[in-house]
Amino acid sequence: MNKVLNPRVLHESALVWDNHTCLPLDRVKEFLPELSRFRASGVDVVAINIGDSNITLEAQMRMAAELRHYILARPSDFILISKVADITRAKAEGKLAVFFDVEGGYAMGDQLSVLQLYVDLGVRWMLLVYNSRNRIGSGVHDAEDEGLTDFGRQAIAEMDRVGLVKCLTHTGYRTAREVLEVTRKPVIFSHSNPRALKDHPRNIPDDLIRGCAKTGGVVCINGVGIFLGDNDIRTETVANHIDYVVQLVGADHVGLGLDYVFDMSEMDANLAEHPHIWPEEWGYKPGIKFVAPEQLPELTEILMKRQYREDDIRKILGNNLLRVAEAVWP
């Protein structure tokens, strides 16, 4: 039985962690003030993407520089995470803790030393492949999944060494399975949903959910309408996807990564320009909807109504990702 009967009290007292959000690369300055929406929604930790798919290393560095400049100039509002202890400090001080993520190993090329640079900049997880093949392995929209490469195995070892969490979202199923076979540390799906509830290649089958959990990792449910259902962004639907994973592997292995996109015009332009990365036949077209951070308090309320234990709700909202951070981060 829940000890905290008021959903607002539980949400405010819990560590709330959104493991993935996307600000526009080209117009990031215009949208930086909108980071305040996370704190207003009770979020304590947020991961901001600094580049996906075919974004160059230079573009990622410029994005990171802009974000770091903005965050570090506002110490009363933000903490740029460098170590796990910064998370509990930010929660205690009522600040938003921020770190960065990279979606795919494209920009690093064949230079493993870039992984240490990412960590030094504030990146704490890297997705291995973004939809289409790179030097590490294959993506979910490749015609054939050729599996993890020799270079990919080297990258995994180096990520473990420098403390960079391995993410398998967007990664081809065979490649992901081979990563799960060789990893020595927890892995995550930073923003992936169960394919059993919505048949889309960006969602993941049960064996990958189980494999992730076996490593001690976390599957973070995303808020993209076409991955939740028929462009469905109801908070109840998010809760349904959480329910499914909890029933399959337990509440210790579920988190949140909404993948909220702040600039829809940039996203629509990218979809049109790179159809091989985002095939239109799988629903990648203008009009995709996203669950907003403002829906998170409602999610807490729904989980309470579904008789989730308070401790399990806290795990889902953020404590599970904190456990992974403690196991992997430098």
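Refer to the preceding data block for the structure.
Presented here is a report on the structure given in the accompanying data block. (Residues numbered from 1 in each chain as written. Predicted model: local features only at pLDDT ≥ 70, side-chain atom pairs only at ≥ 80, totals over all residues. Heavy atoms only, no water.)

### Digging into helix H5 (residues 85-93)
Under the convention used in this document: Only protein chains enter the accessibility calculation, which uses a 1.4 Å probe; a residue whose area is less than 20% of its type maximum is buried, one above 50% is exposed, and one in between is partly exposed. Helix numbering and strand numbering both begin at the N terminus, where a helix is a DSSP run of H or I of at least 4 residues and a strand a DSSP run of E of at least 2. Think of the arc as the fan of directions from the helix axis to the C-beta atoms.
Taken residue by residue, H5 has Asp86, Ile87 and Ala90 as its buried positions. For H5, the buried positions fall inside an angular range of 105 degrees around the axis, keeping them on one side.

### Details of the pattern of salt bridges
This is how it is decided: Salt bridges, as used here, are contacts in which a Lys or Arg side-chain nitrogen is within 4 Å of a carboxyl oxygen on Asp or Glu.
Throughout the structure, instances matching the rule amount to 27 salt bridges. Note that Asp199 is salt-bridged to Arg195, the shortest N-O span being 2.6 Å. A salt bridge links Arg314 to Glu310; the nearest nitrogen and oxygen atoms lie 3.0 Å apart. A residue pair is termed a helical-turn pair when its members lie 3 or 4 positions apart in one helix, as Arg314 and Glu310 do in helix H14 (residues 310-328) at 4 residues. Relative accessible area serves as the criterion here: at 17%, Arg314 is assigned to the buried category.

### Observations concerning the side chain of Asp18
Which entries qualify depends on this criterion: In this count, Lys and Arg are taken as positive residues and Asp and Glu as negative ones, while His and the chain termini are left out. Pairs of residues are marked as contacts when any of their non-hydrogen atoms sit within 4.5 Å.
Mapped onto the elements of the fold, Asp18 is located in strand S1 (residues 17-22). Of the side chains with opposite charge, Arg37 lies nearest to the buried Asp18, which makes no salt bridge, at 9.7 Å. If near-sequence neighbours (up to four positions away) are discounted, Asp18 is found in contact with Phe38, Val43, Val45, Val46, Ala47, Leu256, Gly257, Leu258 and Asp259.

### What about the side chain of His253?
Inspection of the secondary structure puts His253 in the loop between helix H11 (235-249) and strand S9 (254-256). What makes His253 buried here is its relative accessible area of 14%. Once you skip the residues sitting within four places of it in the chain, His253 turns out to touch Ala213, Gly216, Gly217, Val218, Val219, Val245, Asn320 and Arg323.

### What about empty space enclosed by the protein?
Under the convention used in this document: In this analysis, the protein atoms alone were mapped onto a 1 Å grid. Cavities are point sets where a 1.4 Å probe fits without being able to get out; pockets are open sets with protein on both sides within 12 Å along at least five of seven lines; lining residues have an atom within 4 Å of a point. Grid points are joined across faces, edges and corners, and a volume is the space filled by probe spheres set on the points. In this classification, Asp, Glu, Lys and Arg are treated as charged, Ala, Val, Leu, Ile, Met, Phe, Trp, Tyr, Cys and Pro as nonpolar, and every other residue, Gly included, as polar.
This structure, assessed with the given rule, holds 1 cavity of 30 Å³ or more. Within this model, the largest cavity holds a volume of roughly 70 Å³. Taken together, Trp17, Asn19, Phe99, Arg124, Trp125, Val165, Ile188, Leu321, Val324, Ala325 and Trp329 make up the lining of the largest cavity. Sort the elements by how many residues they give to the lining of the largest cavity and H14 lands first, with 3 residues. Looking at the lining of the largest cavity residue by residue, the class counts come to 9 nonpolar, 1 polar and 1 charged.

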